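Structural overview
Single-letter residue listing:
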Amino acid sequence: QVQLVESGGGLVQPGGSLRLSCVVSGFTISNYIMSWYRQAPGKERELVATITSTSILTNYADSVKGRFTMSRDNAKNSVYLQMNSLRPEDTATYFCKADPASLALSPLTYWGQGIQVTVSS
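The structure displayed is predicted, hence computed values, not measured ones.

1. Side note on unusual backbone geometry
Even without a glycine there, the phi angle at Asn77 is positive, about 50°. Mapped onto the secondary structure, Asn77 falls in the loop between strand 7 (68-73) and strand 8 (78-83). Residue class for Asn77 comes out buried when judged on its relative accessible area of 14%. The backbone phi angle of Ser85 is positive, close to 50°, even though this residue is not glycine. Structurally, Ser85 can be placed in the loop between strand 8 and strand 9 (92-100).

In structure tokens:
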């Protein structure tokens, strides 16, 4: 059974910080490209950050560069999104996503259920 379970969301004031966690079961994340997406009401789902399957190379959306940091811990089969200097426009449902590095490994993309982040005073 494949599961991606996000945690760490909630309500935070502008300028505050949160760390999102995505704990994965059913496969080893070292073989997958991991990403964080977010979706605000009435808006398209957007890519926030990605970390490659074979290195620690990360890419970030321009809107979060310098504020968010994505990381992985293979021993815990988890990925994280450290979010600092949060702004109201960061308010969204955040999703963890896994893409196989090889289709021979799996033909499927997996998504977490999503977790709410609300930035408000």
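2. Some words on the side chain of Glu6
Tracing the backbone through its elements, the reader meets Glu6 in strand 1 (residues 3-7). Within the buried set, Glu6 has no salt-bridge partner at all; the shortest N-O distance to an opposite charge, 8.1 Å, is to Arg45. At 3.1 Å, the side chain of Glu6 and the backbone nitrogen of Gly114 are in polar contact. Once residues lying within four places of it in the same chain are set aside, the contact partners of Glu6 are Ser21, Cys22, Trp36, Tyr94, Phe95, Cys96, Gly112, Gln113, Gly114 and Ile115.

3. Some words on the pairing of strand 8
Among the six residues of strand 8, five are classified as buried, and the element is accordingly described as predominantly covered. Linking strand 7 to strand 8, which pair antiparallel, is a turn of four residues; within it Asn77 sits at a positive phi near 50°.

4. Overview of the packing of aromatic side chains
Under the counting rule described, the total for this entry stands at four aromatic pairs. A centroid spacing of 4.1 Å and a plane angle of 40° characterise the contact between Phe27 and Tyr32, whose relative ring orientation is tilted. We note that Phe27, like Tyr32, is buried. Measuring from ring centre to ring centre gives 6.2 Å for Phe95 and Trp111, while their planes differ by 80°; the resulting arrangement is edge-to-face. Here Phe95, found in strand 9, pairs with Trp111, found in strand 10 (residues 110-111); they are 16 residues apart in sequence, far enough to count as distant. Note on Phe95: relative accessible area 9%, which makes it buried. Taken together, Phe27, Tyr32 and Tyr110 form an aromatic cluster joined through their ring pairs. Just above the ring of Phe95 sits the side chain of Arg45; from NZ or CZ to the centre is 3.8 Å.

The rules behind these values
Residues numbered from 1 in each chain as written. Predicted model: local features only at pLDDT ≥ 70, side-chain atom pairs only at ≥ 80, totals over all residues. Heavy atoms only, no water. Helix = DSSP H or I, 4+ residues; strand = E, 2+ residues; numbered from the N terminus. Buried < 20%, exposed > 50% of the residue type's maximum accessible area, 1.4 Å probe, protein only. Lys, Arg positive; Asp, Glu negative; His and termini not counted. Salt bridge = Lys/Arg side-chain N within 4 Å of Asp/Glu carboxyl O. Polar contact = N/O pair within 3.5 Å; in protein donor to acceptor, adjacent residues only side chain to side chain. Contact = heavy atoms within 4.5 Å. Pairing = 2+ DSSP bridges. Phe/Tyr/Trp six-rings, centres within 6.5 Å; stacked < 30°, edge-to-face > 60°. Lys NZ or Arg CZ within 6 Å of the ring centre and 35° of its normal.

Such coordinate-based values are descriptive only and should not be taken to indicate function.
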